[in-house]
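# Results of the structural survey
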Amino acid sequence: MHRIAKLACAAVAVTLAASACSSSKTTTSGSSTNWSTVTSATAGGGMDALVAAAKAEGTLNVITLPRTWANYGKIMDDFTAKYGIKINDANPNGSSGDEINAIEHDKGLSSAPDVVDVGNSHALPNTNLFADYEVSSWSDIPTALKDANGSWYGDYGGYISIACDASKVAPAPCPKTFADLINPSYVADYKGKVAMSGDPTSANAAFSAVWAAALSQSGGSLDNIAPGISYFAKLKANGEYNATVDTESTIESGSTPLTVDWEFNNSQFASDLKAKGIDLTVSIPTDGLYSAYYDQAVSKYAPHPAAARLWEEYLYSTTGQNDFMGGYARPVEFAAMQSAGTLDATDEKNLPSVSGTVNYPTATQLTTAQNAITSGWASALG
């Protein structure tokens, strides 16, 4: 899933065929509730009313949710099993930009997205496309990770990590830092083997990987992502960089045994590949510690507005948040759930260990970094 994510404090949280649009009004308990404008379950008559209205709609349109990403497959299946609501998942491997475009271009169609899961760079400038809605656990979401009016809110996140199949890079050791990746002693063994999740001009994981690399280099900072671009240019000059988009299959085949990606992706790859006899280690580099969160939002033009709001309630419930952690992602309500003793202990222990303090960019720094990537990536790497 290639998105530009919200840069946020993980430590704080630890941090289809077109047809006419369906009605946005659902009759509940003898009264007509316009769920397109309801800003909380309470405002719509309570959770029972919301569930009834969502079931009456019977469908939820999501977009760009790969089943293997942050445990979304289980989350979608469980939501359908619990409420009997069919989920249509459009363009599973798309980008945040694709999600925003779908809201704009499919407006008025029954196939339009009801909800989106986007990076903050796509959430912030598009609040006019989102409906304000506060889930029941609103107070458990850190203030820094949500819009004050409820147009978007962080959900799950993680750290950029380095995964390694030791059998494919020997005799060199598995790299644990960005410095290790460009160590002259190991370059020959890493040649053609270092990949990330797409093009950083559009793919969030790749963009974040470049920024993490920047933080590991002299002069690199939240104000200056350029050293990260130079870092990957060096990887290419060394012959190490592989432009193949990393997937579980590319790791299994041996074409991308070194991947710089979200910890929840790499950790899921490691878990799945273990059964196939592949030992993939996952390390969070201390020299380029970088974290981000993805944001949820309800489309202002959702053809199934009640189902959209029920989906958000489910994602932010104890079950939904623990399910994200079951996919190695760090739930946004981590701190509140830890205090309440509602975190799944096993899943919590499965999260990769983190050492160091994360720094968090401002919206201005994010925009500056994106502009630098957009203007400099192609010329630097060809």
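Everything in this summary refers to the structure shown in the same document. (Residues numbered from 1 in each chain as written. Predicted model: local features only at pLDDT ≥ 70, side-chain atom pairs only at ≥ 80, totals over all residues. Heavy atoms only, no water.)

## With respect to unusual backbone geometry
Residue proline 171 is bonded to the preceding alanine 170 through a cis peptide linkage, with omega at 15 degrees. Note on placement: proline 171 falls in the loop between α6 (166-169) and α7 (178-181). Backbone geometry places asparagine 91, a non-glycine residue, at a positive phi of 45 degrees. With respect to the helices and strands, the residue asparagine 91 is situated in the loop between β4 (86-90) and α4 (96-105). (Helix = DSSP H or I, 4+ residues; strand = E, 2+ residues; numbered from the N terminus.)

## Quick notes on the side chain of lysine 146
Summarising the element assignment, lysine 146 is placed in the loop between β6 (130-131) and β7 (153-165). As a buried residue without a salt bridge, lysine 146 has its nearest oppositely charged side chain in glutamate 134, at a separation of 7.1 Å. Polar side-chain contacts of lysine 146 include one of 2.7 Å to the backbone oxygen of tryptophan 138. Leave out the neighbours within four places in its chain, and lysine 146 touches Trp138, Ser139, Ile141, Trp152 and Tyr153. (Buried < 20%, exposed > 50% of the residue type's maximum accessible area, 1.4 Å probe, protein only. Lys, Arg positive; Asp, Glu negative; His and termini not counted. Salt bridge = Lys/Arg side-chain N within 4 Å of Asp/Glu carboxyl O. Polar contact = N/O pair within 3.5 Å; in protein donor to acceptor, adjacent residues only side chain to side chain. Contact = heavy atoms within 4.5 Å.)

## Section: the state of the cysteines
Tallying each qualifying case throughout the model produces one disulfide. Here cysteine 164 connects covalently by a disulfide to cysteine 174, the sulfurs 2.1 Å from one another. On the S-S bond that ties cysteine 164 to cysteine 174, the torsion sits near -75 degrees, and the link is left-handed. Taken together, the residues span a long stretch of sequence, with cysteine 164 in strand β7 and cysteine 174 in the loop between α6 and α7 at a distance of ten residues. (Disulfide = S-S within 2.5 Å.)

## Quick look at the pattern of salt bridges
Applying the stated criterion across every chain yields a total of five salt bridges. For arginine 67, the salt bridge identified is with aspartate 77, shortest N-O distance 2.6 Å. Pair noted here: arginine 67 is in the loop between β3 (59-63) and α3 (72-83) and aspartate 77 is in helix α3, with a separation of ten residues, a long-range link. Owing to a relative accessible area of 39%, aspartate 77 belongs among the partly exposed residues under this scheme.

## Looking at the packing of helix α10 (residues 226-237) against helix α17 (residues 363-381)
Their axes nearest at 10 Å, the elements α10 and α17 cross at an angle of 20 degrees. In this view, α10 runs roughly parallel relative to α17, as classed from their interaxial angle. At the point where α10 passes α17, the crossing takes the right-handed sense. Mapping the contact onto sequence places Ile229, Phe232, Ala233 and Lys236 in α10 and Ala372, Ile373, Gly376, Trp377, Ala380 and Leu381 in α17. Within the contact of α10 with α17, the residues separate by chemical class into eight nonpolar, one polar and one charged. (Axes fitted to C-alpha atoms, helices over the stretch in contact; angles between N-to-C directions. Parallel < 35°, antiparallel > 145°, perpendicular 65-115°, else oblique. Left-handed = near helix turned anticlockwise from the far one by under 90°. Nonpolar A, V, L, I, M, F, W, Y, C, P; charged D, E, K, R; others polar.)

## Overview of the nonpolar core
Tyr72, Leu181, Phe232 and Trp311 are the most contacted members of the largest nonpolar core, which has 84 residues in total. Considering each element in turn, this core owes the most residues, nine residues, to helix α9 (residues 204-215). Inspection of this core shows a minimum of three residues originating in each of domain 1 (38-157 + 293-349) and domain 2 (158-291 + 356-381). With sequence-adjacent residues up to four places away left out, leucine 181 is seen in contact with Ile162, Pro175, Tyr190, Val194, Tyr231, Leu235, Glu240, Leu258 and Val260. Core analysis: the next-biggest nonpolar cluster, separate from the first, contains eleven residues, Ile63, Ile103, Val116 and Val118 among them. (Core = buried A, V, L, I, M, F, W, Y, C linked by side-chain atoms within 4.5 Å. Domains from an automatic or database assignment.)

## Re helix α14 (residues 318-326)
Every buried residue of α14 is accounted for by Gly320, Gln321, Asn322, Asp323, Phe324 and Met325. Among the structural elements, α3, β7, α13 (305-315), β13 (330-331), α15 (334-340) and α16 (345-349) are those in contact with the buried residues of α14. Taken from the residues just after α14, tyrosine 328 is the one with a positive phi, measuring 70 degrees.

## Quick notes on the layout of surface pockets
If you add up the space inside the second largest pocket, you get close to 220 Å³. The wall of the second largest pocket is formed by Ser267, Ala270, Ser271, Val282, Ser283, Ile284, Tyr328, Asn350, Leu351, Pro352 and Ser353. Among the elements of the structure, α12 (263-274) and β11 (280-283) are those that each provide at least two residues to the lining of the second largest pocket. By residue number, the principal contributor to the lining of the second largest pocket is α12, which donates three residues. Grouping the amino acids of the lining of the second largest pocket by side-chain chemistry returns six nonpolar, five polar and no charged. (1 Å grid on protein atoms, 1.4 Å probe; cavity = no way out; pocket = protein on both sides within 12 Å on 5 of 7 lines; lining within 4 Å. Points joined across faces, edges and corners; volume = space filled by probe spheres on them.)

## Some points on the environment of glutamine 321
As for its position among the elements, glutamine 321 is in helix α14. Between the alpha carbons of glutamine 321 and isoleucine 141 there is a distance of 11 Å; along the sequence they are 180 residues apart. Among residues more than four places away in sequence, those in contact with glutamine 321 are Asp155, Leu315, Tyr316, Pro331, Val332, Glu333 and Met337.

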